[in-house]
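Architecture and fold: a report
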Amino acid sequence: MYYKSTRDSNVNVTSAQAIAQGISKDGGLFVPSEIPRITFDDIKTMGDMSYPDRAAFIFSKYLTDFSETEIRYCVDNAYTDKNFDTKNICELAQLFDGTYMLELWHGPTCAFKDMALQILPYLITTSSKKINLDKKVVILVATSGDTGKAALEGFKDVEGTQIMVFYPVDGVSKMQKKQMTTQEGENVAVCAIKGNFDDAQNGVKAIFTDSEVENELSKNGLMFSSANSINWGRLAPQIIYYVSSYSQLVKNEKIKLGEKINIVVPTGNFGNILAAYYAKKMGIPVNKLICASNSNNVLTDFLNTGVYDRNRQFYTTISPSMDILISSNLERLLYHLCGENDGQIREWFSSLADSGKYEVSDEVKAVLKEEFYAGFCDDIQTKACIKKQFDSHSYLCDTHTAVAVKVYEDYREKTGDTTKTVIASTASPYKFSNSVLDALGEFNSSLDEFELVERLYKVSNLEVPKSLAELKDKEVRFKDTIEKSDMKGFVLKSLGL
Ligand SMILES: *Cc1c(COP(=O)(O)O)cnc(C)c1O
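The sections below set out a description of the structure shown in this document.

Now for the overall build of the protein chain. The number of helices and strands found in the protein chain is 22 helices and 16 strands. With the C-alpha coordinates of the protein chain rotated into their principal frame, the extents come out at 60 × 55 × 45 Å. Per-residue burial for the protein chain yields a buried fraction of 61% across its 497 residues. Taken as a whole, the protein chain presents about 18,900 Å² of accessible surface, with 44% of it coming from carbon and sulfur.

The subject of this paragraph is the sheet that holds strand β15 (residues 421-425). Strands sit in the order β4-β5-β15-β10-β11-β14 across an open sheet of 6 strands; the sheet is mixed. Looking at which strands have only one partner, the edges of the open sheet turn out to be β4 (91-96) and β14 (372-376). Ignoring strand direction, the axes of neighbouring strands in this sheet form an average angle of 25°. Strands β4, β5 (99-103), β10 (261-266) and β15 of the sheet are contacted by helix α11 (residues 232-251), whose axis makes an angle of about 135° with β5. Helix α13 (residues 298-305) contacts β11 (286-293) and β14 of the sheet and is inclined by roughly 145° relative to β14.

β15 sits mainly inside the fold: 5 of its 5 residues count as buried. On β15, burial covers both faces: Thr421, Ile423 and Ser425 on one face and Val422 and Ala424 on the other are all buried. Two strands pair when backbone bridges link them, and β5 and β15 are joined in this way by 5 bridges, in the parallel orientation. Bridging across to β15, methionine 101 finds its partner in isoleucine 423.

Moving on to the side chain of serine 245. Position of serine 245 relative to the elements: it lies in helix α11. Not counting chain neighbours up to four residues away, the residues in contact with serine 245 comprise Leu92, Leu102 and Val422.

Let's shift gears to the environment of serine 5. With respect to the secondary-structure elements, serine 5 resides in strand β1 (residues 3-5). As a C-alpha pair, serine 5 and asparagine 83 span 78 residues in sequence and 33 Å in three-dimensional space. A polar side-chain atom of serine 5 sits 3.0 Å from the main-chain amide nitrogen of arginine 7. A polar contact is formed between the side chain of serine 5 and the side chain of aspartate 26, at a distance of 2.7 Å.

How each quantity is defined
- Residues numbered from 1 in each chain as written.
- Predicted model: local features only at pLDDT ≥ 70, side-chain atom pairs only at ≥ 80, totals over all residues.
- Heavy atoms only, no water.
- Helix = DSSP H or I, 4+ residues; strand = E, 2+ residues; numbered from the N terminus.
- Buried < 20%, exposed > 50% of the residue type's maximum accessible area, 1.4 Å probe, protein only.
- Areas by Shrake-Rupley, 256 points an atom, 1.4 Å probe, with all protein chains shown as cover.
- Pairing = 2+ DSSP bridges.
- Axes fitted to C-alpha atoms, helices over the stretch in contact; angles between N-to-C directions.
- Contact = heavy atoms within 4.5 Å.
- Polar contact = N/O pair within 3.5 Å; in protein donor to acceptor, adjacent residues only side chain to side chain.

In structure tokens form, the structure reads like this:
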């Protein structure tokens, strides 16, 4: 299997090249040249496997240039109970009859990003060895909160790597900020920028594609790679848990083999839901992919109308990891849907860059309608949903997961569809204790973030993740806040160039 660029179909690289490089030189994203299929027999067999074994099986379909030993090395280092607080790696909990929460937050930073970022450093270092790069890999990350910390934890002190993380100064929760600014490790740097997530992401993209910077790095034995979900090595691990959860539902006799399910995903950069789309195309029986947004509902409008228009107010919400107006991974979906027409993608995305807007063709609109349902809710509805799920199902959702549950409830009411459903539960409620307590009517503004955690424990009795409790006594190491125009300078300075 080879990987093409969404902006140049003639690009043809191995998975190792795609993962080591992160983004294509033409600014496009790497996509597999074909989507591998799995059979119902495979799904059945996977039901009896451990999570690492399921992961190795799926990876072998996508990383065809990796040896079995190389895949095992990556999988076994990432998906262990040293890094995750459950042997199952992710859990499937019942919300109510026929509706299941796929809990993806049992890793070291308590958000679903760990599912990919615990393995990405192994995928990247293995990839760069495979293609005989003797360069040190420099990872640049733009984060809306969760990716940054998860990437820092994944890469800290990994030999042959260095990592720099940029976050919007007012766009992350106190707990997220504390998680990042106290990061340990000799190869890490963290910096706040005056701007929002899109500014941070655009800044990182610009540095990546700056040939002057690239030359400077190259002269010094360094190369960039990306830990954002534009890297294929981020996306592939996310496909696994959707396939895994389906095989588990079959194994536990919650669904029949071949029975369709809905998948609901709280969406920001479109990475997690795109992974669900790939799982469907691999052969997992899926009825609707339900895309849930917060007040930054650019995707809701796009999936309903075919017009992507980022010219709108940006809201800072209680689900900050979804406060995004440019969803990068949509480019991959559109590339597949428009028949791999790279010229078309270049046209739409240069229009997005120039005017903040593009409109897809009628054919693409029809497929989007068929595959997806999209909805959104605001902060008030999100909080009401947290309270409702806690009161009626004793299930405590974080603010992002609650957006998904609310949009799913609306979908069910509107369509009457009672197909069995998996909802991605993307963060531990303790990561957003203040908003969750507020939703439950238990918030007290005189408490600091750690007292809030204790209070949420008293109210919910849900176990507090150890990694969050331990933050309290850690020293803040990173205090810089810079203008968004100074990101390039920060990178060069941090590298000593
Ligand atoms: C990143 C994140 C999301 C959004 O996922 P995308 O892949 O960007 O769509 C949702 N919830 C949480 C908790 C996240 O950290």
